[in-house]
Amino acid sequence: MSMSEATATLDGKIAMENAQPATDTVVRRHGDKSIWGIFITLCLISIIELYSASSREVASAGIYGPIIRHMAMLAAGVGIVWSLEKIHYKRFFGFAYIFAFISFMMMVYVMFFGDIINGARRSFTLCGISIQPSEFLKISAVLLIARVMTYSQKDKMRGVENRGLIITAFIVLLFGAILYPQGLTNTILLMGISGAMMLIGGTEMKKLLLIMVIYGALGAGAHYGKKYYKEHFAIGTEQIDRTNLRNSRMDAWAPFRAKYNDEITAENRQEMYSYMAQANGGIIGVFPGNSRETARLPLAFSDYIYAIIIEDLGFIGGIFLMSLYLCLLIRALQIARKCHRAFPVLLVMGMAIMVVLQALFHMAITTGAFPVSGQPLPLISKGGTSILITSIAFGAMLSVSRSALQNGTRQEVKNELNDLPEELRAENPVQLN
């Protein structure tokens, strides 16, 4: 064989090798290490701080009872994250409708037969475990919006079809209407998550503003309509009417007033003891186990655990925890920028926004920046449903980081496209390119 013939044969083999699908670069062995690190760090902080904040429960459940139950829920969460990480992100696309239907039916059930807690039907008990369907409904909204915005991308054009915007707005209004009786905070969270996802999905700003105006008008109409109906027809069960409670909380909300001048009453003792805990923490804190306010702060282990964290770890610890959640959002954004398809972008960003917004709401409520409302701190507060939903969100983000092609070659992009069904082939929205 001549030198020229040998060279030609070698070039042909190299060309054939380069033409083979590079599937190994599409599906990785593990998900993103940074997201795993944030998840594990939050779990460790949760174990330490929940034990520190559970002195009220220790008296009735023993020294180790509360923390053992919480660690069991966190272990279940780790199992969920690890299992979902192994699933290809396209499975979330097909599961969206089923998950949303189950969540919606649970919400309907709670409206009529749920347990009344603090004047509202929020949960029901299943096999001794308290289930809060509102948490399931929020993650259902993320899955549905990601699905609708994906198949509503304009072909070879920038933006989203009007049909997709209408369907998305209808989903949010429906979910918001059923969430509102349980709490205004969850409804506002839903609106924030949906607005961010629509913007990421390519919605024009003027259309998004119009949708938000419609949300506000319908919400105000429903509020005043309910007030008029109650005043003129005197129909309704006072036990589950939270209008007066919301109004009193709004009237008492004064973020710029010197709270140390206020008298502690039965109505404001939660926030007052919370402020005392934060003031006692100072810059570096009193260290876990030395909290002074955990024994008298109601719901120190759930709705006000951030106050105990600041008391234990100080201002520095509070800022570190906030930064941890913000790093999760930044990392999700970095992953989304590298993806080639729309659905993984919307899925990873929607889940990150849901977790981070809820964390910021909890911190704002605890520090007095927002009016008082019950909102758990994701993965930190005690609560089985919250841990379960947050774990699903982390699992979905890790699934995207593992199975979605990121910064692939032209051949790898083509291979991924051929492996996906038609409805998942929409390109990455222009906002993140």
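Draft legend 1. Molecular detail of the confidence of the model for the protein chain. Summarising the model, the protein chain shows a mean pLDDT of 82, and 81% of its residues fall at 70 or more. Here residues 13-25 is a poorly scored stretch, pLDDT under 50, and it has six contacts once near neighbours within four places are set aside; other chains count. In the model, residues 234-240 has pLDDT below 50 throughout and makes ten contacts with residues more than four positions away in sequence or in other chains.

Draft legend 2. Highlighting the nonpolar core. Within the largest apolar cluster, 102 residues are counted, with the highest numbers of intra-cluster contacts made by Leu 321, Tyr 325, Met 351, Leu 377 and Phe 394. With 14 residues, helix H13 (residues 342-367) is the largest single contributor of residues to this core.

Draft legend 3. Highlighting unusual backbone geometry. In this model, Leu 379 sits at a positive phi of 70 degrees, which is unusual for a non-glycine residue. Here Leu 379 lies in the loop between H13 and helix H14 (384-403). Backbone geometry places Asn 407, a non-glycine residue, at a positive phi of 50 degrees. By secondary structure assignment, the location of Asn 407 is in the loop between H14 and helix H15 (410-419).

Draft legend 4. Expanded view of the packing of aromatic side chains. For the coordinates displayed, the defined rule picks out eleven aromatic pairs. On the basis of an interplanar angle of 50 degrees and a centroid distance of 6.4 Å, the ring pair of Phe 112 and Phe 113 is categorised as tilted. Exposure remark for Phe 113: the relative accessible area of 57% places this residue in the exposed category. Taken together, Tyr 109, Phe 112, Phe 113 and Phe 124 form an aromatic cluster joined through their ring pairs.

Draft legend 5. Spotlight on a nonpolar patch on the surface. Residues Ile 283, Ile 284, Phe 287, Phe 315, Ile 316 and Ile 319 make up a contiguous nonpolar surface patch of about 630 Å² in total accessible area. Checked against the element boundaries, Ile 319 lands in helix H12 (residues 305-338). Judged by relative accessible area, which is 36%, Ile 319 ranks as partly exposed.

Draft legend 6. Molecular detail of H14. When the terminal C-alpha atoms of H14 are compared, their 28 Å separation across 20 residues agrees well with the 28 Å that a helix rising 1.5 Å per residue should span. Of all the 20 residues making up H14, 18 are buried; the element is thus mostly covered by neighbouring parts of the structure.

Definitions and limits used
Residues numbered from 1 in each chain as written. Predicted model: local features only at pLDDT ≥ 70, side-chain atom pairs only at ≥ 80, totals over all residues. Heavy atoms only, no water. pLDDT = per-residue confidence, 0-100. Contact = heavy atoms within 4.5 Å. Core = buried A, V, L, I, M, F, W, Y, C linked by side-chain atoms within 4.5 Å. Buried < 20%, exposed > 50% of the residue type's maximum accessible area, 1.4 Å probe, protein only. Helix = DSSP H or I, 4+ residues; strand = E, 2+ residues; numbered from the N terminus. Phe/Tyr/Trp six-rings, centres within 6.5 Å; stacked < 30°, edge-to-face > 60°. Patch = residues over 30% accessible without salt bridge, like charges linked within 9 Å, V, L, I, M, F, W, Y side chains within 5 Å. Areas by Shrake-Rupley, 256 points an atom, 1.4 Å probe, with all protein chains shown as cover. Salt bridge = Lys/Arg side-chain N within 4 Å of Asp/Glu carboxyl O. Expected span 1.5 Å × (residues − 1).

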